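An overview of the molecular structure
Spelled out from the first residue to the last, the chains are:
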Amino acid sequence: MNDQTTLSESADLQDQQQAMLKRLARVEGQVRGIQAMIKRGEDCEAIAQQFSAARSALDKAYRLMLTCLIEEALHDQAQDTGETLARVRGIFTKYT
């Protein structure tokens, strides 16, 4: 692997991290909004709708993390194809 590839992968990792952090900040805001709705005594259906939106946002952040794990496994050139496939299967089995 050359230095250019390493720099590109590092930039990609930083982009992925920033995307995950943005999604998590959005989820955090949604959860705080849900807490405020509960404190105000808002309608349960409206609260349920916001719970659903927060769960969806968290799921999207989680999928980004899984993608990162898989990409790490695929970029590990020390492993042969069979080992890489086993690692990816293990990731899915353990985390989904």
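Our structure is the block above this text.
What comes next concerns the included structure. (Residues numbered from 1 in each chain as written. Predicted model: local features only at pLDDT ≥ 70, side-chain atom pairs only at ≥ 80, totals over all residues. Heavy atoms only, no water.)

1. A look at the overall build of the protein chain
Helix and strand content of the protein chain: three helices and zero strands. The helix and strand sequence of the protein chain, counted from the amino end, reads α-α-α. For the protein chain, the C-alpha radius of gyration of 19 Å lies well beyond 12 Å, the compact-globule estimate for 96 residues. Overall, the C-alpha framework of the protein chain stretches about 55 × 30 × 15 Å when taken along its three principal axes. When the 96 residues of the protein chain are sorted by exposure, 18% land in the buried category. A separation of at least 24 residues holds for 50% of the contacts in the protein chain among residues at least 6 apart in sequence. As presented, the protein chain carries roughly 7,200 Å² of accessible surface, and 54% of it is formed by carbon and sulfur atoms. Computed over 12 positive and 14 negative side-chain charges, the separation of the two mean positions in the protein chain equals 9 Å. (Helix = DSSP H or I, 4+ residues; strand = E, 2+ residues; numbered from the N terminus. Rg over C-alpha atoms; globule rule 2.2 N^0.38 Å. Buried < 20%, exposed > 50% of the residue type's maximum accessible area, 1.4 Å probe, protein only. Contact = heavy atoms within 4.5 Å. Areas by Shrake-Rupley, 256 points an atom, 1.4 Å probe, with all protein chains shown as cover. Lys, Arg positive; Asp, Glu negative; His and termini not counted. Charge placed at Lys NZ, Arg CZ, Asp CG, Glu CD.)

2. A short note on a positive patch on the surface
Together, Lys22, Arg26, Lys60 and Arg63 give the surface a local cluster of positive charge. Put simply, the parts of the chain that give the positive patch at least two residues each are helix H1 (3–40) and helix H2 (44–75). For Lys60, the position within the fold is in helix H2. (Patch = residues over 30% accessible without salt bridge, like charges linked within 9 Å, V, L, I, M, F, W, Y side chains within 5 Å. Salt bridge = Lys/Arg side-chain N within 4 Å of Asp/Glu carboxyl O.)

3. Here we look at the nonpolar core
Core analysis: the largest hydrophobic core is formed by five residues, namely Leu66, Ile70, Ala73, Val88 and Ile91. Broken down by secondary-structure element, the contributors of at least two residues to this core are H2 and helix H3 (81–95). When residues in this core are grouped by element, the largest group, three residues, is from H2. Leaving out residues up to four positions away in the same chain, Ile91 has contacts with Leu66, Leu69, Ile70, Ala73 and Thr96. (Core = buried A, V, L, I, M, F, W, Y, C linked by side-chain atoms within 4.5 Å.)

4. Brief notes about a nonpolar patch on the surface
A surface patch of nonpolar side chains, about 270 Å² in accessible area, is lined by Leu21, Leu24 and Leu58. Tracing the backbone through its elements, the reader meets Leu58 in helix H2. For Leu58, a relative accessible area of 42% translates into the label partly exposed.

5. Considerations on H3
An ideal rise of 1.5 Å per residue puts 21 Å on 15 residues; H3 measures up with 21 Å between its terminal C-alpha atoms. Along H3, the residues classified as buried are Thr84, Val88 and Ile91. Around the axis of H3, the buried residues are gathered within 55 degrees of arc, so they sit on the same side. Pointing more than 90 degrees away from the buried face of H3 are the exposed residues Arg89, Thr93 and Lys94. (Expected span 1.5 Å × (residues − 1). Arc of directions from axis to C-beta.)

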